[in-house]
Amino acid sequence: MDVFRRLKRYFWPLRRLWYASIVCGVLMTLLGLVRPLLLQAIIDRVLTEGRYAELAGWSLAVVGVAVARGAFQYLRAYLGHLFGADTVFELRNNLYSRLQSLSFAYYDRAKTGDLMARLAGDVEAFRMFLAFGFAHLLDFVLLFLLGLSVMLYLDWSLTLIVLVTMPFLGYMTGRFHVTVHPAFTALREAMSDLSTVVQENITGVRTVKSFAQEPEQINHFGRRVADYIEKHMAATSIWTRYFPTMELMGNIGVLLLLAIGGSRVVNGTLTIGQLAAFFSYIWFIVHPLQQLGYQINNLTQSIASGQRLLEILDTPREVRDDRNAVDVGPIRGDVTFQGVSFAYGREMPALKEIDLNVPAGSVVGILGPTGSGKSSLVSLIPRYYDATTGRVLVDGKDVRTLQLDGLRRQIAIVFQETFLFSTSIRENISFARRDATFDEIVEAAKSAKAHDFIMEMPEGYETLVGERGLGLSGGQKQRIAIARALLADPRILILDDATASVDMETEHEIQEALGTLMHGRTTFIIAHRISSVKDANQIIVLEGGRIVERGTHKELLALGGHYRHIYDVQFRDQVSILKSLTQAANVGGLAATLAEESDAHGERKRVSSS
Amino acid sequence: MNPSNSAQAQGSAPRDVTERFVYPDDRAVERPFNWSQLKRLLSYMAPYKRLTVIAALITVLGTAANLAVPLIIGYAIDYGIGERTPGVLGRMVLYLAVCYAVWWFAAGVRIQLTNWIGQQVLRDVRQTLFSHIQYLSFNFFDKRSAGSILVRIINDVNALQELFTNGVVNVLMDLLILTGIIVIMFSLHPGLAIASLVVVPFMFLISTGLRRQIRLSWREVRVRLARINAHLNEAIQGMKVTEAYVQERENMRFFDHINDDYRRAMNRSSRVADLFIPIVEVTGAVGVCIVYWYGARLVMGDALTIGLFIAFVQYLGKFWEPISRLGNVYNQVLQAMASSERIFEFLDTSPTVAEKPNAYPLPKIEGRVNFKDVGFSYKAGRPALHRASLDVKPGEVVALVGPTGSGKTTIVNLLCRFYDVSEGALEIDGHDVREVTLASLRSQIGIVLQDTFLFSGTLAENIRFARPDATMDQVRDVCRAVGADTFIEKLPDGYETVVTERGGGLSQGQRQLISFARALLADPRILILDEATASVDTQTELHIQAALDRLLQGRTAFVVAHRLSTIRGADKIVVLDHGRIVEVGTHDQLMEVGGLYRSLVEAQFRFVDEETSSPAIS
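This one's a predicted model, so the numbers in the text were calculated from it and none came from an experiment.

Turning our eyes to something else, we now look at the overall build of chain A. Scanning chain A from terminus to terminus reveals 23 helices and 10 strands. Considering only C-alpha atoms, chain A reaches an extent of 130 × 65 × 45 Å along its principal axes. Burial status across chain A gives 47% buried among its 610 residues. A sequence separation of at least 24 residues applies to 78% of the contacts in chain A between residues at least 6 apart.

Structure (structure tokens):
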């Protein structure tokens, strides 16, 4: 119940709706109890005792009671709905807002499926409980207690005899929900396994077809389907074992009522009308008991749902504004790392003792093998994470003393894994600046070499992309992401392996365009290809979280270390081809070839159009 | 690119926040009733006809027992209690006990049987659908996202569950109950029967009319909820981008909008939906009122006994449930219409690349490939390949080179017969690929795609993909051959390491090596390789190149090449441009020609400058 107390602030302001709904519910239940009494009155007072004049009155009372009851029923349901819907509206907004404020570290660990289960399933479960789950539970308790009271009042000993099977019923309904629950969980898992198999099969259809593995896949699928059926039938068996028997328990009550109650009428200790009323009242007891397990299950589930939602709401923000954080104002873009070490959670440190100064407007190239700490390094600048020790300074100010929003607005990043939202290409590019004009968007797309392929799409910039939209290649997505970063007009630009999926030709074109754009901005370029970083003002080589080499392209080549090794591997082909070029081809020599460099693209165009 | 004047700059005004994200709705949740479609759907139940009949008979038995109850109680009241004969009362109690026992038994059997039948039918539909989709051609998959296909195999088939499990038997049971009650009522007292049935047409109208309204309003709610969930799902995955670009507030505005939209739809819907039960109950009460009044008068006039009067009241109470269920079945059928329409749409799609009826298995090939004036277009009027001719000898390595969209991938697609040529012919060892069976063709051609797809399962299973019967030793051998053994053996679970879709946990380079091992184990005569463009770190690059050499050995190979080293090692370089083969030859020959190939090569290392290149020649 602690859950409800802690979520109180969402429903407390709406408590009047709730109270009103409860009052309506109680009145509705009370009116429901009157109905069997009306039948009793007709049988006993009118038919047996002969007060014929009362017949019309009692009969019309049935309609009167039903109308009043219906009105309360409607109000109870509708007010309950409003209460649930309004509460959950606030709750959902708060959850969303909380999710948006959680740090990168949280999303490194978070599983989308799990979060979605909470946001979609648990929120709805909680809403339903607020809207009618609780009301139903209350209803059943009231029905049970009042029905029992009336029966005891009418004939207490008959009541006790007739209800002799009820404890068993109560026990069974409890047992049923305990056993059926795991069966349903297993069923859901089997269905989710089945979906996974299909999902993989379709995503990997090229692989399946190219190895001619269709029959094996069909078998595999068949096994999963068989497994699902097995789970389904297991759940059905439980259902079969309990459901008819639970119904039978109530029926035995009716049987006892007819036998014992009937003899009492014969003895004259009970009237026929009362017996008829008993036939109705017995279900007032049986139905709640049959449903009790379900209702209690509902309650526990929604408490669990509430708990899972609270977990999200209570998640601390690992990176947030310091109380005295100041607005950084327009920055120049000077970035300094002072003895920075960093580790993700309790893992091995990803960065060790990094010292680095990047003057405003300069370009840094970062090289190193997978896992050497390249992405970690740049993600400390916009404070996606906080350094474990040491300081990261922007314009000489520790980033932890600055307001996050102001800092991040002046930094743009192109992530290694491109993410586009389900919307038009235009919206995706202008994601950071929705006020950008169309011309600005086009200009950014042109710089990122995205304009041409966008124009070839069926609806140009209005083409929908993302999950359900048109499929784009990895390279195309990256170029849109680059355009998005450029349009943000940052002082600091971070390209985290941003051109990994575009071919070398296009990469080169993008770099040429970036050349002008990077002017005056501090730029960090993470790459694997020497060609991407060689013009940088300084290049650092990372290994195992440390800077092992730093300098310009020339300096590092001369050094003959890691950088030189990478260079040799990447260029041995080109160099030997260069040699063969100068020898075989009918050109004046290396210098002449290189002089044509800038025309090469144009030349290719000419050749291809011929 | 200047933020200061962008707001005032010419062009569009700030766009409405509601357009920030777009989630296409799956609107069609139901379709008008379509008799032939329903018949086709029900034809899936044909194999289970006998069991269905048994289930129906059992249902009749249970229903009859159930319907007898008020009658027995009525008799007990009249003749046992009213006339004070305990013997009759005892007999009636016994009858009642028998009825309950019969009902109990019948209910159990019915639930088991109908569920079993339903699941079998569902399995048949699902399996048919899945198998059919397996053999559909690539253009089917090109047009659709994986999600939209998944939804049909999973959700649309699930939507038929209720119809197949309970639908048919329930309709039968409910019609039986209704006629049973009416027959009993009329035989007891026709006048009272007519009087009490007066409200039934109203109940029917309410159950169909109001239900329709409710259904429509619920559809609106579901569409909006689906939008919220779609956005949440995406928002979580893209959260880093949102935070990096400080767009939390903008997103919040969008979310508040869709959240509120959902709330309103829900409130609108519950205003209607909550009316349903009260209205039905009030209508029912009118019927009860009539029976009380008229029935009691009949009892007073000795035209009816008290027991039968009570039985009447009870029968009236039993009326509502079947009517309500029948209304529900109708809803189910309408929903099933939409789902089955989508299922049948897939089932009625025939593969564009189909085996000829007289196709023969391709004998074991040597690997000679002939393109004879091959033309092909994905879309009419836009040829992707034009009169391409090519003769490849067994064991030759062919590098396919050319700018994006020049036709490299098309050549690969035609070779595996993922598509059929539009003109000319493609022959392997002299057999036209259209004349042989697909399985025999593809099992002799291996393909390694750029983006390595791993299925969830162990690494060993993934490597064995094309040859599930391969031994562990063979798996180890191929891994050693491509140099994948070192990293695999370092993993805690080695070859039994479980990977997930998209190979989570493995680096791009490692996944590539796994796919090489997989292709090597399949040991095809012809190998097609789409070299990855993505850059990997240098160490991995070296591994991959070494593995590649091993993989290509002794096979006819087509490589969509991006690495110069691969291209240079090829026996034949085929240069494509705008769907035409423009140059064919070895590296040295083509460099000499000085055509497209040469300019492509030059373009690749324009950035190598003098000082750095000279010391590198070592």
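Now that the structure has been shown, we can carry on.
This part covers the overall build of chain B. Tallying secondary structure elements over chain B gives 24 helices and 12 strands in all. Computed over its C-alpha atoms, the radius of gyration of chain B comes to 36 Å, more than 25% above the 25 Å expected for a compact globule of 618 residues. Dimensions of chain B, computed from the C-alpha atoms along their principal axes, are close to 120 × 70 × 55 Å. Put simply, chain B has 618 residues, and 43% of those count as buried. Long-range pairs, those at least 24 residues apart, make up 82% of the contacts in chain B between residues at least 6 apart in sequence.

Turning our eyes to something else, we now look at the sheet that holds strand β4 (residues 423–428) of chain B. All names here are of chain B. In spatial order, the strands read β2-β1-β4-β5; together these 4 strands make up an open sheet with antiparallel pairing. Strand pairing shows two members of the sheet lacking a second neighbour, β2 (382–392) and β5 (431–432), which therefore form its edges. Relative to β5, β4 is paired through 2 bridges, and the arrangement is antiparallel. Bridge assignment links Glu427 to a residue of β5, and that residue is Asp432.

Here Phe421 of chain A shows up in the loop between β6 (411–414) and α14 (425–429). Sequence-wise, Phe421 of chain A and Ala481 of chain A are 60 residues apart; in three dimensions their C-alpha atoms are separated by 11 Å. Residues in contact with Phe421 of chain A, not counting those within four places in the same chain, are Asn428 and Gly466 of chain A together with Phe21, Glu234 and Gly238 of chain B.

Contacts between chain A and chain B engage 146 residues on the former and 149 residues on the latter. A per-element tally of the side of chain A that touches chain B places helix α4 (residues 55–101) of chain A first, with 25 residues. When grouped by side-chain class, the residues that make up the side of chain A that touches chain B number 79 nonpolar, 39 polar and 28 charged.

One can describe the packing of helix α10 (residues 214–267) of chain A onto helix α4 (residues 86–134) of chain B by two numbers: an axis separation of 9 Å at closest approach and a directional angle of 165°. Relative to α4 of chain B, α10 of chain A is oriented roughly antiparallel. When you trace α10 of chain A past α4 of chain B, the crossing you get is right-handed. Looking at the contact of α10 of chain A with α4 of chain B, its residues break down into 24 nonpolar, 15 polar and 3 charged.

The subject of this paragraph is the pairing of strand β6 (residues 445–448) of chain B. Residues and elements named next belong to chain B. Across the two faces of β6 the burial is the same, with Ile445 and Ile447 and Gly446 and Val448 all buried. One ladder, built from 4 bridges, connects β6 with strand β9 (residues 526–530); its direction is parallel. Bridge pairing in β9 links Ile447 to Ile528.

Let's shift gears to the nonpolar core. Counting residues in each nonpolar core, the largest one holds 207 residues, and the members touching the most others are Ile42 of chain A together with Leu400, Ala517 and Val559 of chain B. Here this core gets 18 residues from one element, more than from any other, and that element is α4 of chain B. The contact partners of Val559 of chain B, leaving out residues within four places of it in the chain, are Val397, Val398, Ala399, Leu400, Leu529, Glu531, Thr566 and Ala570 of chain B. The next biggest cluster of nonpolar side chains, apart from the first, holds 90 residues, and it includes Val358, Tyr461, Leu493 and Leu514 of chain A.

With 92% of its residues at a pLDDT of 70 or more, chain A has an overall mean of 86. In this model, residues 584–610 of chain A is a region of pLDDT below 50 whose contacts with residues beyond four sequence positions or in other chains number 33 contacts.

Residue and element names in this part refer to chain B. Within the element layout of this structure, Val397 appears in strand β3 (residues 397–401). Note on Val397: 23 C-beta atoms within 10 Å, which makes it buried. Along the sequence, Val397 and Met337 sit 60 residues apart, while their C-alpha atoms lie 53 Å from each other. Beyond its immediate stretch of four places on either side in the chain, Val397 contacts Leu552, Ala557, Val559, Gly569, Ala570 and Asp571.

With that out of the way, let us pick up the sheet that holds strand β11 (residues 572–577) of chain B. All names here are of chain B. Strand order across the open sheet formed by 6 strands is β6-β9-β10-β3-β11-β12, with mixed pairing between neighbours. Each of the sheet's edge strands pairs with one partner strand only, and the pair in question is β6 and β12 (580–585). Between one strand and the next, the sheet's axes are offset by a mean angle of 20°, whatever the strand orientation. Against the sheet, helix α19 (residues 508–522) contacts β6 and β9, and its axis sits at roughly 180° relative to β6.

Residues and elements named next belong to chain A. Most of strand β9 (residues 538–543) sits out of view: 5 of its 6 residues are buried. The sheet contact formed by strand β3 (residues 363–367) and β9 spans 4 bridges and is parallel. Bridge pairing in β9 links Leu367 to Val541. Bridge analysis of β9 against strand β10 (residues 546–551) gives 5 bridges, and the strand direction is antiparallel. The residue of β10 that forms the bridge with Val541 is Glu549.

How each quantity is defined
- Residues numbered from 1 in each chain as written.
- Chains lettered and ligands numbered in written order.
- Predicted model: local features only at pLDDT ≥ 70, side-chain atom pairs only at ≥ 80, totals over all residues.
- Helix = DSSP H or I, 4+ residues; strand = E, 2+ residues; numbered from the N terminus.
- Buried ≥ 20, exposed ≤ 12 C-beta atoms within 10 Å, placed from the backbone.
- Contact = placed C-beta atoms within 7 Å.
- Rg over C-alpha atoms; globule rule 2.2 N^0.38 Å.
- Pairing = 2+ DSSP bridges.
- Nonpolar A, V, L, I, M, F, W, Y, C, P; charged D, E, K, R; others polar.
- Axes fitted to C-alpha atoms, helices over the stretch in contact; angles between N-to-C directions.
- Parallel < 35°, antiparallel > 145°, perpendicular 65-115°, else oblique.
- Left-handed = near helix turned anticlockwise from the far one by under 90°.
- Core = buried A, V, L, I, M, F, W, Y, C linked by C-beta atoms within 7 Å.
- pLDDT = per-residue confidence, 0-100.

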